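# Coordinate analysis (summary)
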Amino acid sequence: MMERRRMDAALLVLFLVHLATALEVPLDLPQPPTITHQSPKDYIIDPRENIIIHCEAKGKPHPSFSWTRNGTHFDIDQDPNVTMKPHSGTLVVDISRAKAEQYECVYQCTARNKHGTAVSNNIVVRQSRSPLWSKEKIKPIVVQEGVSLVLPCRPPAGLPPPIIFWMDNNFQRLPQSRRVSQSLNGDLYFSNVLREDSRNDYICYARFPYTQTIQQKQPITVKVLNLDAINDTMAAFYNDTDLFSEDPADERKPTFLIPSGPSSSKMVLRGQVLEMECIAEGLPTPAISWTKNSGDLPADRTSYLHYQKTLRIVNVSESDAGDYRCTARNELGSVYHTIHVMVKGVSVMKRTPSPALCSIFMTLAPYWISGTPKNLVLAPGEDGTLTCRASGTPKPSVTWFMNGIPIENSPKDLSRNVQDDTIIFSVVQTGSSAVYQCNVSNDYGYLLSNAFVNVLSEPPRVLTQANKVYQVIKNHQALLDCASFGSPIPKITWFKDSRSSTLDGDPYIHHDNGTLEIHVAQAHNSGKYTCVAGNTLGIYENHVYLEVKDPTRILKQPDYKQVQRGRSVVFECKVTYDPSLKPTVTWLKDDGELPDDERLIVGFDSLTITDVTENDAGVYTCIMNTTLDHDSARAELTVVGATPIPAVVYERPDPPTDLELTDKKKRSVQLTWTPGDEHNSPIQKHDNLVISWKPLTGLQSNGPGLHYKVMWRQKLMESDWTKVTVANNSKFVVSGTPTFVPYDLKVQAVNDYGAGPEPAIAHGYSGEDLPVAAPENVHAMLLNSTLSEVHWDPVPSKSIRGHLKGYKVYYWRERSLHKHNPHHVEKQILTFSGNHTHGMLPGLHPFSLYSFNVRVYNGKGDGPPSPDQQFETPEGVPGAPTSLVVTNTNMDTLTLEWNPPHDRNGHITGYTLKYQPVNNSNELGPVEELALPANATSFTLLNLKYSTRYKFYLNAKTVRGAGLAISQETVTIMDEGNTQTPHSIARSPPRRPPHKARPVSPFGNVSSSSGEDGTLISWEYWGPEKNIYVEYIVKNSEGEEEWQKELVNGSQNVMLKGLKGGLSYRVRLVAKGHHDQPLHRSEELLVLVPAVTSRQVDIATQGWFIGLMCAIALLILILLIICFIQRNKGGKYPVKEKEDAHTDPEFQPMKDDDCTFGEYSDNEDHKPLKGSRTPSNGTVKRDDSDDSLVDYGEGGDGQFNEDGSFIGQYSGKSVSRETAEGHESSEAPSPINAMNSLNSFV
């Protein structure tokens, strides 16, 4: 019943949306442009990706597009980095050759055709910024046990603001509770501190969403002291500060840390999210509760965060305004704070300077009162109105434009009368079509909307599909569409069947959009309906059909069952439904899916469970679905202990009883019966021949006593016809026929006056059975290391014993050809429909032994398999090494240890090790590469830089090439006097020591490695179970959160792509056997997914750059030597004059008097290269996505004045300005005030 109510509610919502659909002009008719898609007003972009500024429009003819930038025409053809998509106004800015900040501007799109011009909003493009945290030295915080504490975060102001979270040095989230929690601004609050709060790694992290970069604050050290335990020595060590003269913190009643004072105010926008927080200190820890003074909290829209300290209400409405009270209470007392909430429209907020109250004065940007102006389609001589009604504080002004030009400057039109926020059109004429823009603005924002006036003379047309069939369930609502268009607007009239009269009054309801509603449809409402659309220029009619169907109902519901363990049980679920609808049955157990167990057999109207166990107990639900409705019923199963089982005697089953004919129709009948006793021998099949025909009409019977003579015989046998007489039916079932045998069939009509004409012979088949033969000549042809082609000869038709459906290839990986890889037996199936004689097997594992067989199948099922065949796949590239661990780290040496790949895919021929330093700005240095032998599992690197982070890449090789690399990072020790444990960015689990005997768990060598494509989990497995899956969950997640599962049958590694960077996960392997066997789990593996960091290479460390500088220095040295020789030779020989007269042009820039180059100047073109980026393979790549924000700057010319205009034209800094500013950091751009006019129209 509840499900039916939800369905009715959904239909009501769909009906309301259906009626509210706006009138659309067909695109084959002339019409002005309409903007259909545009980028948001405040458009924040990722500076690492190409900029896409959307502008899509429709119209007839299709509109052309142009753009303005900062209020002036933007010539796209003159900018090689900007292109416009074909048949669109969308701009694509290629930033591979330019920086994103050059395109931080205000853009506006114009779409025009001969009927008018539409314009977009002002689109302010700004790049996302993730500034670095300012360097600061944070002194340790020493506090007394029991007092409150606030750890400030104060992240850098990014665009958009970052997401804040607290973690420790191991990238594990710091535990939070009712005592310790994070506030909305990111600070960490302690209601009271305990001794266990002492630690030196309270780290605040800021994640910037667009660039997906994470910045961290310097770690904060907190020391919590218990003064009773401090002796005089400790007091002397801490210099006898005043801290030790205080008494220990006593228990106390709560007081609020935030907000301050007894009350505060808060304003929220209508439709937005309201968040209020109250954090209190006290000992014992206070509990927070919330109430609303003027009524109850909206339960369906209210939630509590941060251990009840934050109250959150979504989709705020005016009813949410009022006073809210948060109360903090512990054993010693309570305190409360009142928050006055105001709900307003779109607003800009200004805070008062007073710290005592959080009052917020409110100024409202404009917002629509009755929606945006609507398009007008008028016939010549008609009247119409455009309304642009909005409000705001202060009251906004309304400005009208026509085709992008202020309306006072547009051509005069006597039919147009502008009255403030309304334009009235009277007796419009052909040629008056245009697009009107309404701009509503005040000091805090603007609204812009386009609406066209299209003057057309158009006869009516019906847009609803012709001959559309509507199907509804009896006693439900029926809606018949008649969407139309015409100018003038057509009038809609409905008729049914013979069109004897219009459909008016009960039970019909006419809607303005032409829809005909029948509130409660009955069977007699079925039929043909005609809608006629007419105006002064003509009429148009369309036919639709309504079919009212019988509801789906469960006649015999499943009953409560109590069954002994080991026996079978059957739940019946017999249903009646409309014969034209095909129902499907779904069974649930305890409101979830049925277990994947072959003991559970689902029939059309029953569920059978064989060999019942205690795990089968529960509630079973039968759901019958059709395309229009459904019905459900449920019953409970109780399993009890087994009793001694007597000897089983197998006998033939009894015949069915209670044969009934139900649901008699003109051309069909439903047979139902009660099965006879099976006598412990379940009924296997009924092979029948079903003969059906189209009965004669009353006129065709040509007399009384109509009946039929049904005749049949086997087609290939010279046997006599078997005959039977059937009356009042159009179907006859011949039982006990051979399997899938062709028959000749005849049905002759007979009445009291004799037999009708001799009928023609028809042909048919009796029931199918499983095929009895397997394909022969089965063999495989290898195409490459992962693809094979299987061939077979077709099975003879007589052995198929049914209609041929196709062939199935069963194949499985027996084992890897490498001795260290375990056995694989998981079978896979590929189906090839039709009479195929070959098929492809994709996705094979290289260097493996496969077995396969082929089977034919018909409508009954699979035939026997062919004899198993085998083939071996050749070698391929290997997988990534299973682990890479850094050990024995010293000042300038360290050792790398690794395990070979699980998927060797061939014989390992060696390893390639690459490594490079990473500086404090996360910039990668030059890459060193080493070739290592195939039998190596460790390597020691010498002569490294101390106190330096290094990144390592290791991959294995076969004869087919190199495989995926595993990466690792670590830091060498600073010096001998300040040693510390190296901190790995991406940890790998410790290596397992070899075992001589298998452990209890069937899993071994579980390891992980992180790469660009995700986190690779690898393992070894030697158990018999076939169902293997990996489970993972975020470490320190809430207790209600479930483990995520991923099925990995037949494999020994899986790539987890859904793990989030910067988080730690608990991962484990699970092997599932038979239903009564326990699960086998591996030990949990802690996997830290490294956060994505920007990489930038220091150009000064690149080999090509050093070589270039050396070449330039050598060239200068040669030129200086030549200059010196010239001066020494000058004036001594007569040939000098000739040399002076024929000087080589390449030496013209050189001045003879001072040996300098006359044309050389140290300008900007000779500055060192900036912003180059180098990937891990050492090649320079301009468009690498791992950018550093140094490339994009943090301010500069891309600033705005208070009126919203840009400072400068993004043309770069001049030489003088560059010199003057030096290395000063530029300020962040000022906020952009909303544009209150169409600046492109001036």
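Residues numbered from 1 in each chain as written. Predicted model: local features only at pLDDT ≥ 70, side-chain atom pairs only at ≥ 80, totals over all residues. Heavy atoms only, no water.

For the record, the criterion: UniProt positions are given in the numbering used here, feature names are shortened, and annotations may be inferred rather than shown by experiment.
Looking at an unreviewed UniProt entry, the protein chain carries the name Neuronal cell adhesion molecule, with the source organism given as Perca fluviatilis. Listed under Subcellular location (unreviewed entry) in UniProt, the entry text for the protein chain is "Cell membrane". Note on the protein chain: under the UniProt heading Sequence similarities (unreviewed entry), the record states "Belongs to the immunoglobulin superfamily. L1/neurofascin/NgCAM family."

### Notes on the overall build of the protein chain
Heads up, the condition is: For the purposes of this entry, the term helix denotes a DSSP run of H or I that reaches at least four residues, the term strand denotes a run of E that reaches at least two, and both are numbered from the N terminus. Buried means the residue's accessible area, taken with a 1.4 Å probe over protein chains only, is under 20% of the maximum for its type, while exposed means over 50%, and partly exposed covers the values in between. Accessibility throughout is a Shrake-Rupley quantity obtained with a 1.4 Å probe, and a residue counts as covered only by protein chains that appear here.
Check the secondary structure of the protein chain and you find seven helices and 93 strands. Each of the 1242 residues in the protein chain was classed as buried or not, and the buried ones make up 41%. Accessible surface for the protein chain amounts to roughly 67,600 Å². Of this, 52% is attributable to carbon and sulfur atoms.

### Some remarks on the sheet that holds strand β54 (residues 592–593)
We count it as follows: Only when DSSP finds a minimum of two bridges between them are two strands counted as paired.
Spatial ordering of the open sheet is given by β50-β58-β57-β53-β54, a layout of five strands whose pairing is mixed. Of all strands in the sheet, those bounded by a partner on one side alone are β50 (561–564) and β54.

### Thoughts on the nonpolar core
Just so we agree on the cut-off: As used in this record, nonpolar core signifies buried Ala, Val, Leu, Ile, Met, Phe, Trp, Tyr and Cys residues forming a set joined through side-chain atoms within 4.5 Å. Two residues qualify as a contact provided that any one of their heavy atoms is within 4.5 Å of a heavy atom in the partner residue.
Within the largest apolar cluster, 32 residues are counted, with the highest numbers of intra-cluster contacts made by I51, I53, W67, Y107 and V125. Elements represented by at least two residues in this core include exactly β2 (42–45), β3 (51–53), β4 (55–60), β5 (64–69), β8 (91–93), β9 (106–113) and β11 (123–127). The greatest single-element share of this core, amounting to three residues, is contributed by β9. Once residues within four sequence positions are removed from consideration, I53 is found in contact with S39, Y43, W67, G89, T90, L91, Y107, I123 and V125. Membership of the second largest hydrophobic core comes to 21 residues, among which are Y1021, Y1032, Y1065 and V1087.

### As for the confidence of the model for the protein chain
How we decide: The quantity known as pLDDT measures the predictor's confidence residue by residue, on a range of 0 to 100.
Across the protein chain, pLDDT averages 78, with 77% of residues at or above 70. Long-range and interchain partners of residues 680–685, a stretch whose pLDDT sits below 50, account for nine contacts in this model, where long-range means more than four residues apart. Low confidence marks residues 976–999, where pLDDT is under 50. Its contacts with residues over four positions away, or in another chain, come to 44 contacts.

### Examining the state of the cysteines
Covalent bonding between the sulfur atoms of two cysteines is what defines a disulfide. Rules: Two cysteine sulfurs form what is called a disulfide whenever their separation falls within 2.5 Å.
Per the stated rule, a full pass over the model turns up six disulfides. Across the disulfide from C278 sits C326; the S-S distance is 1.9 Å. Looking along the S-S bond of the C278-C326 disulfide, the torsion reads about -75°, which is the left-handed sense. In this pair, C278 sits in the loop between β22 (274–277) and β23 (279–283) while C326 sits in strand β27 (residues 322–330), placing the two residues 48 residues apart along the sequence. As far as burial versus exposure is concerned, C278 and C326 are alike and both buried. With its sulfur 2.0 Å from that of its partner, C573 forms a disulfide with C622. When the S-S torsion is -80°, as for the bridge of C573 with C622, the disulfide is left-handed. Separated by 49 residues along the polypeptide, C573 in the loop between β51 (569–572) and β52 (574–576) and C622 in strand β57 (residues 618–625) bring together distant segments of the chain. By the burial criterion, C573 is buried, and C622 matches it.

### With respect to the pattern of salt bridges
What counts is decided by this rule: Should a side-chain nitrogen of Lys or Arg be within 4 Å of a carboxyl oxygen of Asp or Glu, the pair is scored as a salt bridge.
Applying the stated criterion across every chain, the model contains 32 salt bridges. Salt-bridge contacts for R801 lead to D769; the nearest nitrogen and oxygen are separated by 3.3 Å. One end of the pair, R801, is in the loop between α4 (797–800) and β70 (804–816); the other, D769, is in the loop between β67 (762–765) and β68 (776–784), and 32 residues separate them in sequence. Residue classification places R801 among the partly exposed positions, given a relative accessible area of 25%. Counted as one network, the salt bridges with shared partners bring together E1031, R1066, R1068 and E1084.

### Considering the environment of D752
Structurally, the position occupied by D752 is in the loop between β65 (742–751) and β66 (754–755). For D752, a relative accessible area of 57% corresponds to the exposed category. As a C-alpha pair, D752 and G703 span 49 residues in sequence and 7.0 Å in three-dimensional space. Every residue in contact with D752, bar those within four places of it in the chain, is listed here: P704 and G705.

### Let's talk about the UniProt feature "transmembrane region" (unreviewed entry) in the protein chain
UniProt marks residues 1104–1125 with the feature "transmembrane region" (unreviewed entry), using the numbering shown here. In the segment residues 1104–1125, helix accounts for 100% and strand for 0%; the C-alpha atoms at its two ends are 32 Å apart.

### Notes on the pairing of strand β53 (residues 584–589)
Summarising the sheet, β53 and β57 pair through six bridges and their orientation is antiparallel. Bridged to K589 within β57 is Y620. Here β53 pairs with β54 via two bridges, running antiparallel. The residue bridging K589 from the neighbouring strand is G592, located in β54. Between β53 and β54, which follow one another and run antiparallel, lie two residues, and D590 among them has a positive phi close to 50°.

### Regarding the side chain of S1007
Residue position: S1007 is located in strand β82 (residues 1003–1011). Owing to a relative accessible area of 5%, S1007 belongs among the buried residues under this scheme.

### A word on unusual backbone geometry
Across the junction of K60 and P61, the peptide omega takes the value 0°, indicating a cis bond. Here P61 lies in the loop between β4 and β5. In this model, S487 is joined to P488 through a cis peptide bond whose omega is 5°. Mapped onto the fold, P488 is located in the loop between β43 (484–487) and β44 (491–496). A positive phi angle is found at N702, which is not glycine, with a value near 60°. Within the secondary structure, N702 sits in the loop between α3 (698–701) and β62 (707–714). Judged by its relative accessible area of 67%, N702 falls in the exposed class. The phi angle at F740 is positive, at roughly 45°, despite the residue not being glycine. Looking at the secondary structure, you find F740 in the loop between β64 (731–735) and β65.

### Observations concerning the packing of aromatic side chains
Test applied: Two rings from Phe, Tyr or Trp (for Trp, the six-membered ring) form a pair when their centres sit within 6.5 Å of each other. Planes less than 30 degrees apart are called stacked, planes more than 60 degrees apart edge-to-face, and all others tilted. Sitting over a ring, as applied to charges here, requires NZ of Lys or CZ of Arg to be within 6 Å of the ring centre and within 35 degrees of the ring normal.
Applying the stated criterion across every chain yields a total of 21 aromatic pairs. Relative to Y1065, the ring of Y1032 has its centre 6.3 Å away and its plane inclined at 65°; by these criteria the two rings are edge-to-face. You can see Y1032 sitting in strand β84 (residues 1027–1034) and its partner Y1065 sitting in strand β87 (residues 1064–1072), a full 33 residues away along the chain. When sorted by exposure, Y1032 lands in the same class as Y1065, which is buried. What links up through ring pairs into an aromatic cluster is the set W67, F74 and Y107. Positioned above the aromatic ring of Y336, the side-chain terminus of R325 is 3.6 Å from the ring centre. The ring of W812 has K827 sitting right over it, with the charged end atom 4.6 Å from the ring centre.

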